[in-house]
Amino acid sequence: MRKSYKDNQVLRGINFEVEKGTILALLGPNGAGKTTTVRILSTLLGFDKGTVTIGGFDVQTHADDVRRSIGLTGQSAAVDELLTGRENLVMMGRLYHLTKQSAHARADELLEEFGLVDAANRPAKTYSGGMRRRLDLAVSLIATPPIIFLDEPTTGLDPRSRIAMWDIIDRLKQGGATILLTTQYLEEADQLADKIVVIDGGKVIANGTAKELKARVGKDRLELTFGTQKLFKSAVSVLEKDIQETNADNKSLTIVLKDTNADVKKTIDLLAKHELKFDAMAVHKPTLDDVFLALTGKQAKDTEGK
Ligand SMILES: Nc1ncnc2c1ncn2[C@@H]1O[C@H](COP(=O)(O)OP(=O)(O)OP(=O)(O)O)[C@@H](O)[C@H]1O
Ligand SMILES: [Mg+2]
């Protein structure tokens, strides 16, 4: 699909599929087009060219069917500040035509599931950021939709709340949901997603599993740290041709490994031969940050307004 605002091309031909029962992460920096994509997929926004099918329904010709199949948690919260958590849930249940009784039952179920029982009768404006995010997600799940859109579900959460949210998302998948989530966090996509679509400047720049994306950047790296400047300098002169990076301050150096086991052994043997002892050694696997760097030639960064 393509989408422009006046002459600003925001989506320049985005194309991907999400398999039923899986999680797809749409990964990209600020302004990449994540929210625009989610809004189009969830029928909130029109687009210029292309086709979008959600659960077998065309978003342009069967928007109502699409809406009945999806739950959406947006980047900006949709809960009513003045209502309590329970009231928010019950109200949304009534909007979805649940009977009064089933709306209350479903609200209780969700309060339980999202760890909000204790706060259920407090106005949402008294909730912390993490609680609000959980309530937001709970509200979007009132009608147990089979397809769920989550726009940056963990942005702004502390590490513990983030892990709790990951847990919730994983349980939704275990329950059979198909999920599209957006994130700026490579490690989040790595953790949750079966497939990752990396977008930048309104274009898909990579598409695959975390493992496949990492394999595209390839190589493991060996990092060696030495106890003194003298040892560090001697090691640098011995290993010189293999070294990709040195850091004189913390006396460490990095070697990119072509054959992980053989190259580590070769390096250690060479140091032993010269009686150079290292302090610490680590083999690093490539991260999705490395992937982004390799794909775009730059760190994931804000492209807003460009
Ligand atoms: N209503 C609008 N009118 C004009 N330009 C818009 C509009 N909405 C979004 N844009 C532009 O479209 C581009 C993509 O925005 P979008 O919100 O989809 O990015 P995003 O990937 O969700 O970013 P973030 O990580 O900051 O949420 C941005 O350059 C933004 O300024
Ligand atoms: Mg966004």
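Residues numbered from 1 in each chain as written. Chains lettered and ligands numbered in written order. Predicted model: local features only at pLDDT ≥ 70, side-chain atom pairs only at ≥ 80, totals over all residues.

*Asks:* Is there a simple way to explain the overall build of the protein chain in this structure?
*Replies:* From N to C terminus, the protein chain includes eleven helices and 14 strands. Taken over C-alpha atoms, the radius of gyration comes to 24 Å for the protein chain, far larger than the 19 Å a tight globule of 306 residues would show. If you line up the protein chain on its principal axes, its C-alpha atoms span 80 × 45 × 35 Å. Counting over 306 residues, the protein chain shows a buried share of 35%. (Helix = DSSP H or I, 4+ residues; strand = E, 2+ residues; numbered from the N terminus. Rg over C-alpha atoms; globule rule 2.2 N^0.38 Å. Buried ≥ 20, exposed ≤ 12 C-beta atoms within 10 Å, placed from the backbone.)

*Asks:* Would you mind going over the nonpolar core with me for this structure?
*Replies:* Nonpolar side chains tend toward joint burial in soluble globular proteins. Counting 41 residues, the largest nonpolar core has Ala25, Ile179, Ala189 and Ile196 as its most contacted members. Broken down by element, this core gets its largest block of residues, five residues, from strand 3 (residues 23-27). One finds Val79, Ala119, Leu135 and Leu137 within the second-largest nonpolar core, a separate group that totals 19 residues. (Core = buried A, V, L, I, M, F, W, Y, C linked by C-beta atoms within 7 Å.)

*Asks:* Help me understand the environment of proline 153, please; the structure alone is not making it clear to me.
*Replies:* Looking at the element boundaries, proline 153 is found in the loop between strand 7 (147-151) and helix 6 (159-174). For proline 153, a count of 25 C-beta atoms within 10 Å puts it in the buried group. Not counting chain neighbours up to four residues away, the residues in contact with proline 153 comprise Thr73, Arg133, Leu137, Met165, Ile169 and Leu181. (Contact = placed C-beta atoms within 7 Å.)

*Asks:* Where do I start with the sheet that holds strand 12 (residues 243-247) in this structure?
*Replies:* In sheet architecture, strand pairing relies on hydrogen bonds along the backbone and comes in two forms, parallel and antiparallel. Pairing is antiparallel across the open sheet formed by four strands, whose spatial order is 12-13-11-14. On the outer flanks of this sheet lie strand 12 and strand 14 (280-284), each paired with one strand and no other. Pairwise comparison of adjacent strand axes, ignoring direction, gives a mean angle of 15° for this sheet. Relative to strand 14, strand 11 (residues 221-225) runs antiparallel, the two sharing five bridges. Looking across to strand 14, one finds that glutamate 223 is bridged to alanine 282. (Pairing = 2+ DSSP bridges. Axes fitted to C-alpha atoms, helices over the stretch in contact; angles between N-to-C directions.)

*Asks:* Help me understand unusual backbone geometry in this model?
*Replies:* Residues other than glycine predominantly adopt negative phi, and peptide bonds predominantly adopt the trans conformation. The phi dihedral of lysine 6 is positive, around 50°, even though this residue is not glycine. Mapped onto the fold, lysine 6 is located in the loop between strand 1 (2-5) and strand 2 (8-12).

*Asks:* What am I meant to see in the site of ligand 1 here?
*Replies:* Neighbouring ligand 1 are 14 residues; Tyr5, Asn30, Lys34, Thr35 and Thr36 lie closest to it. Broken down by secondary-structure element, the contributors of at least two residues to the shell around ligand 1 are strand 2 and helix 1 (34-41). Looking at the shell around ligand 1, the element that brings in the most residues is helix 1, giving three residues. (Near = placed C-beta within 6 Å.)

*Asks:* Is there a simple way to think about the domain arrangement of the protein chain in this case?
*Replies:* A common way to express how large an interface is: the accessible area buried when the components associate. In terms of domains, the protein chain is made up of domain 1 (2-208) and domain 2 (216-290). A separation of 43 Å is found between the C-alpha centroids of domain 1 and domain 2. (Domains from an automatic or database assignment.)

*Asks:* Which parts of the structure should I look at to understand the packing of helix 3 (residues 85-95) against helix 4 (residues 100-113)?
*Replies:* How two helices pack is summed up by the angle between their axes together with the distance between the axes. At their nearest, the axes of helix 3 and helix 4 sit 8 Å apart, and the two run at 135° to each other. With respect to helix 4, the axis of helix 3 lies oblique. Relative to helix 4, helix 3 is oriented so that their crossing is right-handed. Contact residues: helix 3 offers Gly85, Arg86, Leu89, Val90, Gly93 and Arg94, while helix 4 offers Ala103, His104, Arg106, Ala107, Leu110 and Leu111. By residue class, the composition of the contact of helix 3 with helix 4 is six nonpolar, three polar and three charged. (Parallel < 35°, antiparallel > 145°, perpendicular 65-115°, else oblique. Left-handed = near helix turned anticlockwise from the far one by under 90°. Nonpolar A, V, L, I, M, F, W, Y, C, P; charged D, E, K, R; others polar.)

*Asks:* Help me out: how do you make sense of helix 6 in this one?
*Replies:* In this model, helix 6 (16 residues) spans 23 Å end to end at C-alpha, consistent with the 22 Å of a helix rising 1.5 Å per residue. Downstream of helix 6 by a residue or two, glycine 176 has a phi angle that is positive, lying close to 105°. (Expected span 1.5 Å × (residues − 1).)

*Asks:* Help me out: how do you make sense of helix 1 in this one?
*Replies:* The α-helix winds at 3.6 residues per turn, so residues separated by three or four positions along the chain end up facing the same way. Burial runs high along helix 1: six of the eight residues are buried. The complete set of buried residues in helix 1 reads Lys34, Thr36, Thr37, Val38, Ile40 and Leu41.

*Asks:* Could you clarify how one ought to interpret the sheet that holds strand 8 (residues 178-183) in this entry?
*Replies:* Read from one edge of the open sheet, six strands run 6-7-8-3-9-10, paired in mixed fashion. The open sheet terminates on both sides in strands that have one partner only, identified here as strand 6 (70-73) and strand 10 (203-208). Looking at each pair of strands side by side, their axes are set apart by 15° on average, direction ignored. The pairing of strand 7 with strand 8 spans five bridges and is parallel.

*Asks:* Would you take a moment to explain the pairing of strand 9 (residues 195-200) for this structure?
*Replies:* In terms of residue burial, strand 9 counts as a mostly covered element, since five of its six residues are buried. Sheet analysis places strand 3 next to strand 9, joined by four bridges and oriented parallel. Note that in strand 9 the partner of leucine 27 across the bridge is valine 198. Bridge count between strand 9 and strand 10: five bridges; the pairing is antiparallel. Bridging from a neighbouring strand, isoleucine 199 pairs with valine 204 of strand 10. The antiparallel pairing of strand 9 with strand 10 creates a hairpin that spans two residues between the two strands, and glycine 201 there sits at a positive phi of about 60°.

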